[in-house]
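Understanding the architecture of this molecule
Residue-level listing of the chains:
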Amino acid sequence: MLVAGIILVLTVIAYLAKVVGGFEGVQFSPTVSVIVVILLAASLLWILVLTLKGRLIGRRVVFLYVGIAVSLPLFMSISQKIVISPETQQLYDAISELPSGAKVLVSFDYDPPSAPELQPMAEAFLYYCFTHDFKVIVIGLWPQGPQQANLAIDKLLALPEIEAKNLQYGIDYVNLGYQAGNEFVIQRMGGSFESMFPTDYSGHPYSDLELVRNIRNFSNIDYSFNLSAGYPGTQEWVQVAVDRYGLSMGGGNTAVQAPMMYTYLQAGQLAGLLGGMNGAAEFEKLVGREDKGTRFMLSQSFAHMVVIAFILIGNVAFIVGGRKKKL
Amino acid sequence: MEHFAVWVAAFLTLGIVSFLYKDNPWYKLSEAIFVGISAGYWFVVLFWDNIYGKFWNGIFPEELIDSAGNVVTREPDYWLLVGAVLGTLMLLRLIPKIGWISRWPLAFIIGCTSGLYLINYFSSNMMRQVEATIMPLVGHWVLDPATSQNAFSAFSGADIFSNLVLVIGTFTGLVYFYFSKEHRGAFGGTAKVGIFFIMITFGASFGYTVMSRMSLLIGRADFLLFDWLGLVR
């Protein structure tokens, strides 16, 4: 109870320092970052030694280490080398070939729980579209998708290089909102976009939006990008829009979903794929705007190293404990 | 209001995470709030998007005003009434005496979905995948525009290796799932190779899943340390 009280007081102080005092936060210098990494590795080694001596650690220590591995890199000023994978390069090459003014359809098929992985992808993709004067049409097959799109668009429109372009809603980009019906929406869009989206997200009539007024169906779209966290998502877009209507499409998927999409990539049904946070970081590097995807990759790598370390420690405990014989 | 929302989100996030220490009332409260709000949210979304947005607005379309002040009218879509009737029939399950009628809309849904999925899956997930697996191993013939004759173009060593892995992996994986013959001898050996390929696939998939879950945790850590407390610059 005392500890909880102290933590509460400290959090209130930290929050007030941010809100009232203008505290800008902490960032470790590269030297401090390296020292922290060494200390973390040394403590894991110490746990291994304890395990070899037969003193096993509790599961809460593992949770604590994963929490530390995820949190501490957010303070570090060191960065991780991002290597571009062929599937990310393929997506970048596909949009690089589009001419200025190309019409790009972006479907936001995810909700806030998947935002840590997909929002950086969305922002990087839209950044490329806006800086290369593509016309962006946003839709969502998930109810919260268009809201996620607006968050990304608002953030990008505040950037000086985008603000200078003076992009106009309805002319340079449009958010047609959410439509219920899953893959049947895609099917109907193959005949007529307007039949599924009679109004945009804000209630403006389809025919009143200059950007989409002359867009009848997928044949008027130059490229499509699908951000997907499950069903309906990339699989449904491939099955209906790509294979039936011949839409050229790239996918941005959560890491859970990405392995299933490689078959579509291999078969040429997808023109590029971004898988998980790694894919987001790679794409951010390609478009030249390193943001959260890149920053989070250090935490991702640290967490993976800690998981691998504990798998090793667990196996050592298993062997040292002689449990194999008992089983 | 924004400060309050951030504190509530932080309170609930920490409540859920507190389960890692042990089950406690804070966790139970956070879990109950999450489940309750989710159920309420989805009810509202489904009502306004499906029943009102699609059905009601489809039968009685609202008049829209364009930027020039003109009234944009739409024709009512009376086919939606068929869906409404079928949807109502499904609710008859709540009346045991005539509950059997609810099987009709279910049969309609299953029939339509099967018909659509059969074509989609057969085309995208079977034929296109079989087509992608049948490939030249070491090179292919390409038309030379200079001579207007076909010339053999050899693949690189890496491409040949990749193609071999794909072909062997697909073949041995299929053999593993062939259960009409006992897995012994050369057939059993081939199936065993297939198991290795399947295990590697599962391993890669598991690795991606771990990455995804870590991403969610990183998102929450970023919220707590950056959006809430502002400790990270």
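Counting of residues starts from 1 at the beginning of each chain's written sequence and follows it residue by residue. Both sets of labels track the order of writing: A upward for chains, 1 upward for ligands. Per-residue local features of the predicted model are confined to residues with pLDDT of at least 70, and side-chain atom pairs are confined, for both listing and counting, to 80 or more; whole-chain, interface and lining totals are unaffected and use all residues. Only hydrogens and water are set aside when side-chain values are computed; all heavy atoms of the structure are taken into account.

When accessible area is computed with a 1.4 Å probe and restricted to protein chains, residues below 20% of their type maximum are described as buried, those above 50% as exposed, and intermediate ones as partly exposed. Only DSSP runs of H or I covering at least 4 residues are called helices, and only runs of E covering at least 2 are called strands; the numbering of each starts at the N terminus. Residues of helix α4 (residues 86-96) of chain A that are buried include every one of E87, T88, L91, Y92, A94 and I95 of chain A, and no others. Along α4 of chain A, the residues classed as buried sweep out an arc of 160 degrees about the axis, all on the same side. Picture the helix axis, draw a direction to every C-beta atom, and the arc is the one those directions span.

Attention now moves to the domain arrangement of chain A. What the domain assignment reports for chain A is domain 1 (20-78 + 295-326) and domain 2 (86-290). Boundary definitions for the domains trace back to an automatic or database domain assignment. Taking the mean C-alpha position of each, domain 1 of chain A and domain 2 of chain A sit 37 Å from one another.

Next up on the list: the interface of chain B and chain A. Working rule for contacts: check all heavy atoms of both residues, and any pair within 4.5 Å makes them a contact. With 56 residues of chain B at the contact, the number on the chain A side is 68 residues. A buried area of about 5,200 Å², summed over both sides, lies between chain B and chain A, and 60% of it is on carbon and sulfur atoms. The largest share of the area that chain B buries against chain A comes from Y208, I218 and R233 of chain B, three residues that together contribute 13% of it. The term salt bridge refers to a side-chain nitrogen of Lys or Arg lying within 4 Å of a carboxyl oxygen of Asp or Glu. Taken together, the links from chain B to chain A amount to 3 salt bridges. In this structure, the salt-bridge partner of D243 of chain A is R128 of chain B, at a minimum N-O distance of 3.1 Å. Summed over both partners, buried area is the accessible surface (1.4 Å probe) that two parts give up on being assembled.

Next up on the list: the pairing of strand β5 (residues 249-253) of chain A. Residues and elements named next belong to chain A. Counting buried positions over the 5 residues of β5 gives 5, a clear majority of the element. Burial along β5 is two-sided: the face carrying M249, G251 and N253 and the face carrying G250 and G252 are both buried. One ladder, built from 5 bridges, connects strand β4 (residues 223-228) with β5; its direction is parallel. Following the sheet pairing, N226 is matched in β5 by G251. For crossovers, right-handed means that the path from the first strand over the helix to the second runs clockwise, given strands pointing away from the viewer. The parallel pair β4 and β5, bridged by helix α10 (residues 234-242), forms a crossover whose chirality is right-handed. Any two strands with at least two DSSP bridges between them are considered paired.

Next up on the list: the sheet that holds strand β6 (residues 273-275) of chain A. Residues and elements named next belong to chain A. Taken together, 6 strands build an open sheet; the order of strands is β3-β2-β1-β4-β5-β6 and the sheet is parallel. Looking at the sheet topology across the chains shown, the edges are occupied by β3 (173-178) and β6. Each strand axis lies, on average, 15 degrees off the axis of its neighbour in the sheet, ignoring direction. Here the axes come from fitting lines to C-alpha atoms, over the contacting stretch only for helices, and the angles between their N-to-C directions go from 0 to 180 degrees.

What follows concerns unusual backbone geometry. Trans is the prevailing form of peptide bonds, just as negative phi is the prevailing case for residues other than glycine. Residue and element names in this part refer to chain A. Residue P232 is reached from Y231 by a cis peptide bond, and omega for that bond is -10 degrees. You can see P232 is positioned in the loop between β4 and α10. Phi at N166 takes a positive value of approximately 55 degrees, unusual for a residue other than glycine. Following the sequence through the fold, N166 ends up in the loop between α7 (160-163) and β3. On the basis of relative accessible area, N166 is assigned to the exposed category, the value being 54%. Of note, the phi angle at N182 is positive, near 50 degrees, even though the residue is not glycine. Here N182 lies in the loop between β3 and α8 (183-189).

A separate point is the side chain of T294 of chain A. Turning to its location among the elements, T294 of chain A is positioned in helix α13 (residues 292-320). If we ignore the near neighbours within four places in the chain, the residues touching T294 of chain A are I82, A281 and E284 of chain A.

What follows is about the pattern of salt bridges. All names here are of chain A. By the definition in use, this model includes 10 salt bridges over all chains. In this structure, D172 and K135 form a salt bridge, with 2.9 Å as the shortest nitrogen-oxygen distance. A residue pair is termed long-range when its members are at least 10 positions apart, and D172 in the loop between α7 and β3 and K135 in strand β2 (residues 135-140) qualify at 37 residues. You can call D172 buried: its relative accessible area is 15%. With its nearest N and O atoms 3.0 Å apart, the salt bridge here joins K155 to D291. Of this pair, K155 sits in helix α6 (residues 145-157) while D291 sits in the loop between α12 (276-287) and α13, placing them 136 residues apart in sequence.

Our next topic: the packing of helix α5 (residues 115-131) of chain A against α6 of chain A. All names here are of chain A. In contact at an axis separation of 9 Å, α5 and α6 are set at 50 degrees when each is read in the N-to-C sense. In this view, α5 runs oblique relative to α6, as classed from their interaxial angle. Seen along the crossing, α5 lies across α6 with a hand that is right-handed. Here α5 contributes A115, Q119, E123, L126, Y127 and F130 to the contact with α6, which in turn contributes Q148, L151, A152, I153, K155 and L156. The scheme is simple: roughly parallel for angles under 35 degrees, roughly antiparallel for over 145, roughly perpendicular for 65 to 115, oblique for anything else. Note: crossing handedness is left-handed where the near helix turns anticlockwise from the far helix by less than a right angle, and right-handed where it turns clockwise.

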